[in-house]
Amino acid sequence: MSRMVDMKAVYEAKGLTQAQIDNIEECFARADKAQLEFEKWSQEDIDRTIRSVAQKVANSKTFHELVEMGIKESRFGDPISRENKRFKIRGILRDCLREKSVGCVKEMPERKIKIYAKPVGVIACVIPATNPDLTPAGNAIYAIKARNAIIFSPHPRTAGTSYKTCALMREGLARVGAPEDLVQCLGGGLGEDGKPVVKINRQMSEALMSKCDLVIATGGQGVVRRSYTSGTPAYGVGAGNATMIWDETAASDLHHAADNTMRSKTSDFGSGCSADGNVIIHESIWDAAIKELEAVGGYMMSEEEQAKMQAAMWDEEIHRLSDTVALSAQDMAKHAGFEIPADKRFLIASHGTGIYTKGIEGIWCREKLSTVLAIHKYEGEFQNAIDAIMAIHEVGGKGHSVGIFSFDQDHIHRLAMVARVGRIMIRQPQSKANSGSMNNGMPMTSSIGCGTWGGNATSENVHLHHYMNFTWVSEEYETPDWQTDDELFGEFYDPELEKVQYSAYNSNDALK
C-alpha cells in the first residue's frame, strides 16, 4: 500500500523542505536497491551477515562507548544497567540464528501445507532517546535476517549515538560483502554544530513512515499513533506501567521478590516501560515486604516527602514532567527538595496508595518512568489483587505486562485467565524478563506489543516473524476433511431444515 501513496501530497502536507525530501528519497532509493540485491542471498550467508553486524555493536568495548555517548547526549540514564543491554542484542542474534528466513520455513504435513518466508521490503523505524543504540541494533538484526533494508529516524537528542551505531553496522555489512545501504539513518550525519545536517523533525519521520513498506514504532504513544495513520502497515508498542502482585505465598522467599523488583525498578533508572511501577502486596506480608524492599535499597518516603515528589513528577493536570524521567534515586529526591542516603537505589511511595482512579487521588498507580515505586496493600482473597490490577489498567498500562511472585499455581492461573496483558512474568524481574531473557523463553525484543488493549496490531513481543511476509502453499487432500451436519451443529442440528436444495451439487463441491 505504501508504494502507492502519493508522496508529493505527503511532503506538501508535512511542509518538508527540499533538503528533507531529497534525504528521504535518496535513502529509500538506496535501501530499495540494496534490499532487492540482498533478498537473493542464501540462508548461510544471511546468518553470517547478522553475526558480523551484531558483533560490531554488541562487543563489550564498543557498546560501552555507545552507552557513554548516549548518556552524554541525552543527559539521563544509568550507564551500568544500560551496558547490560548488549546482551539483548546477543539474545536477538541467538533467536535469529535458530530460525529460517529463506525458502520453506515451516511444514505441516498433516494439513499438506508448506510456508515460505518473504521479505517485506524497506522498513522505517523511529529511534527513541532512551535506546539510541539498542533499538537500531536489535531492529537491524531482525530486518537483515528477514532480508529487508531498514531506515532509521534518530531522535535529535541522541542522533550522534544512533549515527555511530548505524555506521558500525554498515561496517559489519561491508566486511561480508553485503550492501551497506541495508542500514541507513535519516539526516545525512552530524554537522559541525553536532546536529544532523538535514533537520529531523516529527514531520520528516512521518513522511518516512508513509514512504516505506513497514513501520516498527518504538517510543512514546505519539510516535505509535502517528505510525498507524501513516498509510503503511505498522507494529507499535503500548504504554507501560508494569505491576507486580506479591501474594501470601511470597512470604517463603521475600528477599528474592524484593531483589527482583529492585532490579526491575532501577534498570536504566526506571526509564523502560517494563520497569515495575506498582507492587500489590497481601496484608499478611505487608510489614515484612517493606523491610525487604528497604534492605535491597528502597527508601520509604514520608508523607511530606511523597507530596514533594508528586509535585516534582506531575503538573496540576497530571501530565508527567520530563525533567524527572530516568534519574537516580538521589537526583529524584534532590529535584523534589529533600535528600536520601547515598546507598539507596529507589524510592517507595506508600501514603495514599491503594487508590486506582484517573484523578489526582489515584496518581500513584500511574506509570512513573523513574526510580519511584508505589506499593499497594490488598486484603483477604486473591480476587482483590486481581481487581486491583484490572483497575490500574483502566488508568494506564493495559495490554503491556503483569508479574506475580507466587507459588500458588491456582493464583497464577486465575490471573492469567483474566489479565488484559500480552505477558505475565512469574517470579522474575519484569524489565529484565518480559522482553526476552537468557533465563526464559520470551522472544528477545526492544518492542513490546500490547494488542488491541493498548491500541497495537499485535500483543506479542515484536520479533522475527513480524518482519516477514509468508506464502502458504497448499496441496489437495486425498480424501476431503468433511464432517456431517449433525457433527457440526451438534444439539442444534435440524434435519428437516437441510432438505431444501437449490442446486445439484454434492457436499464436496460446496467447498470449492
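Before any of the text, the structure's been laid out above.
Quick summary incoming for the structure in this document.

### Overview of the overall build of the protein
Item 1. Within the protein one finds 18 helices and 15 strands.
Item 2. The C-alpha radius of gyration computed for the protein amounts to 26 Å, which stays within 12% of the reference 24 Å derived for 512 residues, consistent with globular compactness.
Item 3. Dimensions of the protein, computed from the C-alpha atoms along their principal axes, are close to 80 × 75 × 45 Å.
Item 4. Residue burial in the protein is summarised as follows: out of 512 residues, 53% are buried.
Item 5. Relative to all contacts within the protein whose residues are 6 or more apart in sequence, the contacts with residues 24 or more apart total 72%.
Item 6. Summed over all atoms, the accessible surface of the protein reaches about 22900 Å², with 51% contributed by carbon and sulfur.
Item 7. Of the charged side chains in the protein, 57 are positive and 69 negative; the average position of the first set lies 7 Å away from that of the second.

### Overview of the sheet that holds strand 5 (residues 183–185)
Strands belonging to one sheet form pairs held by backbone hydrogen bonds; the direction of such a pair is parallel or antiparallel.
Item 1. Within the open sheet, the five strands sit side by side as 5-4-3-6-7. Their pairing is parallel. The strands lining the two open edges of the sheet, one partner per strand, are strand 5 and strand 7 (234–236). Strand after strand, the sheet turns through a mean of 20 degrees between neighbouring axes, direction not considered.
Item 2. Both strand 6 (residues 214–217) and strand 7 contribute to a ladder of three bridges, which runs parallel. Bridge pairing links Val215 to Ala234 in strand 7.

### Quick notes on the nonpolar core
Item 1. Counting 78 residues, the largest nonpolar core has Ile89, Ile151, Phe152, Met169 and Val183 as its most contacted members.
Item 2. Those residues in contact with Ile151, other than ones at most four positions away along the chain, are Cys27, Phe28, Ala31, Val122, Ile123, Ala124, Cys125, Gln184, Leu186, Leu208 and Cys212.

### What about the pairing of strand 2 (residues 113–119)?
Remark: a regular strand shows side chains that alternate across the two faces of the sheet.
Item 1. Here strand 2 shows a buried face lined by Ile113, Ile115, Ala117 and Pro119 and an unburied face lined by Lys114, Tyr116 and Lys118.
Item 2. Bridge analysis of strand 1 (residues 103–108) against strand 2 gives five bridges, and the strand direction is antiparallel. Within the sheet, the bridge partner assigned to Lys106 lies in strand 2 and is Ile115.
Item 3. Between strand 1 and the antiparallel strand that follows it, strand 2, lie four residues; Lys112 among them carries a positive phi value of about 55 degrees.
Item 4. In this structure, strand 2 lies alongside strand 15 (residues 468–474), joined through seven bridges in antiparallel fashion. Paired with Tyr116 across the bridge in strand 15 is Thr471.

### Topic: the sheet that holds strand 11 (residues 346–349)
Item 1. Strand order in the open sheet formed by seven strands is 10-11-12-9-8-13-14, and the pairing between neighbours is parallel. Strands at the two margins of the open sheet, each flanked by one partner only, are strand 10 (298–300) and strand 14 (421–426). Strand-to-strand twist across the sheet, computed as the mean angle between neighbouring axes with direction ignored, equals 25 degrees.
Item 2. Examined bridge by bridge, strand 13 (residues 399–405) and strand 14 share five bridges and lie parallel to one another. Within strand 14, the residue paired with Gly399 across the bridge is Val421.

Parameters at a glance
Residues numbered from 1 in each chain as written. Predicted model: local features only at pLDDT ≥ 70, side-chain atom pairs only at ≥ 80, totals over all residues. Heavy atoms only, no water. Helix = DSSP H or I, 4+ residues; strand = E, 2+ residues; numbered from the N terminus. Rg over C-alpha atoms; globule rule 2.2 N^0.38 Å. Buried < 20%, exposed > 50% of the residue type's maximum accessible area, 1.4 Å probe, protein only. Contact = heavy atoms within 4.5 Å. Areas by Shrake-Rupley, 256 points an atom, 1.4 Å probe, with all protein chains shown as cover. Lys, Arg positive; Asp, Glu negative; His and termini not counted. Charge placed at Lys NZ, Arg CZ, Asp CG, Glu CD. Pairing = 2+ DSSP bridges. Axes fitted to C-alpha atoms, helices over the stretch in contact; angles between N-to-C directions. Core = buried A, V, L, I, M, F, W, Y, C linked by side-chain atoms within 4.5 Å.

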